[in-house]
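For reference, the chains in residue letters:
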Amino acid sequence: MSAVLPKKPAKNWPLILGAGGFLLLMTIWSGTGIGFSLSELVCNIASGSRLLQESWPPDFGFLPRLVGPFMETVNIAIIGTVVGGMLSIPIAVLAARNLTTGKIVWFADRNFMNILRTLPDLFWAMLFATAVGFGPVAGALALSVFTVAVISKLWSESLESIDMGLPEAVRAVGGSWLEMIRYGAIPQALQTYVSYALYAFELNVRASMVLGLVGAGGIGMILESQRANFEYERVTMIILFVLVAVLIIEQFSSYIRNKLA
Amino acid sequence: MSALKPQREIGWATWASVIIAALFVWSLMAIQFAPADMIQVPGQVARVLSFFYPADMAYGWDKVLPAIVESIQIAWVGTLVAAVLSLPLALFGASTLFPKLAHGVKFISATTRAFPEILLAIYFVPIVGLGPFAGALAIGISSVGMLTKLGAEVIESIDFGPIEAVEASGGSRIAALRYAVLPQVLPEIVAHWLFRFELNIRASAVLGVVGAGGVGGVLLNTLRYRHFDKAAAVLVLTIIVVLAIDMISGEIRRKIINS
């Protein structure tokens, strides 16, 4: 019977052991580094449940005071998306290998884009809150930069995959570089641009909810003050409100994106 | 000559532009952005940026690097927690395997995805105390939703031949999962885990803002006390470390997918 069985494929033991050992070491090192302990978690569930009791039911009387800050959050997200969306057009075009004006420009722009992408949204918020003072303007600036980081990278990749016949035709009839981009390249990738912009808007709405934690305006500012005072039934109210609002805006945005696709 | 020009029609793009412009102007007025700010703001940003040079790298090696290491550890443990939790959920979320369960699982994962991890951290900090453990739990729980969704999509796209082969030769459902499903989906799922790890590095970097460990708290403190040279060290080291991890992780992902 056993003679009929096909031979088992040979395993690459050095690779398996090496990768497995690395994963294990990394996990042990990280786990001890951050003080991961299940017993601590289990023991503290009791205090956690007290916290959950304090945070439930949510303080619905607090709801009317949330509307203003929430509108500010939406305003911040809109400004960030529009400003960042416009800035990311030239940045994406110059980072597309087939459209850029030169090797040096391409290289510099590409690295600029990658560096923008390394920093999380709240880092930008902290930096701008320090530079221009606490408030929604700092948040709008932070989201503008964050939007550039999101859209330009994605869109430069779709610009690289366009049909180059059209841009070459514009060049052939004597069009300038700008006319080539405007009439030959952008119309081909316009739909993906809109869809990435909407995606960035979704991310921005979600990000603008927490910008206030570092003083950059919006509903997060109230969240931070209630959290600092351990008013957890209000914290829960804010978070529920944010959750519902984010879900509605995401549904709306993904509906439009699906229609475009 | 002008007769040869194509007739322009007012399409959806025009209407969309008008609406967006109106929303934009409304938003600017709502946050009280004065036209004078247009001139002032770039100057303010430039002035503060000029204080960032030179970076205090001695502080960077002493204080910032350990905090970045802590952020990496938070992201690693968080991703691992999410990976372990999401693997069975992804199986149940695959509509081709469990048509009845899949709907509920997908709904829950969609809801948890809408939750920024920093809001979860606000709840975990009082439960397990200030520090990186709370951050890792927040990262872990908030990553489950996305990993479940991506995993379920991978599982839905598999070839059913091997499953039928296992069941035809008398294997149980569990055996089919182990020998027919997992080998097909694991490479892609691991690639998703790595991608999520890259995202979680950025997420864990900001958790310090609510006291959940990592480099975010360091940046917040240096900026609060206006130690701009120290803040510059945070930025420089964060950029370098994140770029390096992105490169390594991206390379491994390409290798896994291509092999």
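For the structure itself, look to the data block above.
Computed from a prediction, not measured in an experiment: that's the story for all the values here.

Rules and cut-offs
- Residues numbered from 1 in each chain as written.
- Chains lettered and ligands numbered in written order.
- Predicted model: local features only at pLDDT ≥ 70, side-chain atom pairs only at ≥ 80, totals over all residues.
- Heavy atoms only, no water.
- Helix = DSSP H or I, 4+ residues; strand = E, 2+ residues; numbered from the N terminus.
- Rg over C-alpha atoms; globule rule 2.2 N^0.38 Å.
- Contact = heavy atoms within 4.5 Å.
- Areas by Shrake-Rupley, 256 points an atom, 1.4 Å probe, with all protein chains shown as cover.
- Lys, Arg positive; Asp, Glu negative; His and termini not counted.
- Charge placed at Lys NZ, Arg CZ, Asp CG, Glu CD.
- Axes fitted to C-alpha atoms, helices over the stretch in contact; angles between N-to-C directions.
- Parallel < 35°, antiparallel > 145°, perpendicular 65-115°, else oblique.
- Nonpolar A, V, L, I, M, F, W, Y, C, P; charged D, E, K, R; others polar.
- Buried < 20%, exposed > 50% of the residue type's maximum accessible area, 1.4 Å probe, protein only.
- Salt bridge = Lys/Arg side-chain N within 4 Å of Asp/Glu carboxyl O.
- Buried area = accessible area lost by both parts, 1.4 Å probe.
- Polar contact = N/O pair within 3.5 Å; in protein donor to acceptor, adjacent residues only side chain to side chain.
- Left-handed = near helix turned anticlockwise from the far one by under 90°.
- Phe/Tyr/Trp six-rings, centres within 6.5 Å; stacked < 30°, edge-to-face > 60°.
- Expected span 1.5 Å × (residues − 1).
- Bend = angle between axes of the 7 residues up to and from the residue.
- Core = buried A, V, L, I, M, F, W, Y, C linked by side-chain atoms within 4.5 Å.

A. Representation of the overall build of chain A. Looking only at helices and strands, chain A features ten helices and zero strands. The order of α-helices and β-strands along chain A, N terminus first, is α-α-α-α-α-α-α-α-α-α. For a compact globule of 261 residues, the expected C-alpha radius of gyration is about 18 Å, and chain A comes in at 25 Å, more than 25% above that figure. Seen through its C-alpha atoms, chain A measures out along the principal axes to roughly 75 × 75 × 35 Å. Long-range pairs, those at least 24 residues apart, make up 75% of the contacts in chain A with a sequence separation of at least 6. If you sum the accessible surface of chain A, you get close to 13,300 Å²; carbon and sulfur atoms cover 69% of it. In chain A, 17 side chains carry a positive charge and 16 a negative one; their mean positions are 11 Å apart.

B. Up close: the packing of helix α8 (residues 173-206) of chain B against helix α10 (residues 228-258) of chain B. Residue and element names in this part refer to chain B. α10 packs onto α8 with a crossing angle of 170 degrees between their chain directions and a minimal axis gap of 9 Å. On the basis of their axis angle, the class for α8 and α10 is roughly antiparallel. From α8, Pro 187, Glu 188, Val 190, Ala 191, Leu 194, Phe 195, Phe 197, Glu 198, Ile 201 and Arg 202 reach across to α10, where they touch Val 242, Ile 245, Asp 246, Ser 249, Gly 250, Ile 252, Arg 253, Ile 256 and Ile 257. Here the residues of the contact of α8 with α10 are counted per class, giving twelve nonpolar, two polar and five charged.

C. Region of interest: unusual backbone geometry. All names here are of chain B. A cis geometry characterises the amide bond from Tyr 53 onward to Pro 54, with omega recorded as -5 degrees. Within the secondary structure, Pro 54 is located in the loop between α2 (35-50) and α3 (57-93). One non-glycine residue, Gln 32, lies in positive phi territory at about 55 degrees. One can find Gln 32 in the loop between α1 (12-30) and α2. Phi at Arg 226 takes a positive value of approximately 55 degrees, unusual for a residue other than glycine. Along the polypeptide, Arg 226 turns up in the loop between α9 (215-224) and α10. Overall, Arg 226 belongs to the partly exposed group, its relative accessible area being 49%.

D. Layout of the pattern of salt bridges. Counting across every chain of the model gives ten salt bridges over all chains. We note a salt bridge from Glu 224 of chain A to Arg 227 of chain A, for which the minimum N-O separation is 3.3 Å. Of the two residues, Glu 224 of chain A and Arg 227 of chain A both sit in helix α9 (residues 219-228), three residues apart, roughly one turn of that helix. What makes Arg 227 of chain A buried here is its relative accessible area of 16%. Note that Arg 202 of chain B is salt-bridged to Asp 246 of chain B, the shortest N-O span being 2.7 Å. In this pair, Arg 202 of chain B sits in helix α8 while Asp 246 of chain B sits in helix α10, placing the two residues 44 residues apart along the sequence.

E. View of the interface of chain A and chain B. The partner chain B presents 60 residues to the 59 residues of chain A that form the contact. Note on chain A versus chain B: buried area summed over both sides is about 5,400 Å², and carbon and sulfur give 82% of it. In this structure, the connection of chain A to chain B is made through seven residue pairs in polar contact (both at pLDDT 80 or more). Its residues assigned to classes, the side of chain A that touches chain B comprises 38 nonpolar, 15 polar and six charged.

F. Structural context of the packing of helix α3 (residues 64-95) of chain A against helix α8 (residues 177-210) of chain A. Residues and elements named next belong to chain A. Contact geometry for α3 and α8: axes closest at 8 Å, N-to-C directions at 150 degrees. In terms of orientation, α3 lies roughly antiparallel with respect to α8. Of the two possible hands of crossing, α3 and α8 adopt the one that is right-handed. Where α3 abuts α8, its residues Phe 70, Thr 73, Ile 76, Ala 77, Ile 78, Gly 80, Thr 81, Gly 85, Met 86, Ile 89, Val 93 and Leu 94 lie against Trp 177, Ile 181, Ile 186, Tyr 193, Ala 197, Phe 201, Asn 204, Val 205, Ser 208 and Met 209.

G. Looking closely at the packing of aromatic side chains. Counted according to the given criterion, the structure contains seven aromatic pairs over all chains. Seen from their ring centres, Phe 70 of chain A and Phe 241 of chain A are 5.2 Å apart, and the 85 degrees between their planes marks the pair as edge-to-face. Note that Phe 70 of chain A is positioned in helix α3 and Phe 241 of chain A in helix α10 (residues 232-260), a separation of 171 residues in sequence. As far as the burial class goes, Phe 70 of chain A and Phe 241 of chain A line up, both buried. Taken together, Phe 51, Phe 52 and Phe 228 of chain B form an aromatic cluster joined through their ring pairs.

H. Examining helix α6 (residues 132-156) of chain B more closely. Taking 1.5 Å per residue as the helical rise, α6 of chain B with its 25 residues ought to reach 36 Å, and the 36 Å between its terminal C-alpha atoms agrees with that figure. Largest kink in α6 of chain B: about 35 degrees, centred on Val 144 of chain B.

I. A look at the nonpolar core. The biggest cluster of nonpolar side chains holds 134 residues, and the ones touching the most others in it are Leu 99, Leu 122, Phe 123 and Trp 155 of chain A together with Phe 52, Ile 118 and Leu 119 of chain B. Residues within four places of Trp 155 of chain A in sequence aside, it is in contact with Ile 89, Ala 92, Val 93, Ile 186, Ala 189, Thr 192, Tyr 193 and Tyr 196 of chain A. Core analysis: the second largest hydrophobic core is formed by 14 residues, Ala 90, Ala 94, Ala 176 and Val 181 of chain B among them.

Such coordinate-based values are descriptive only and should not be taken to indicate function.
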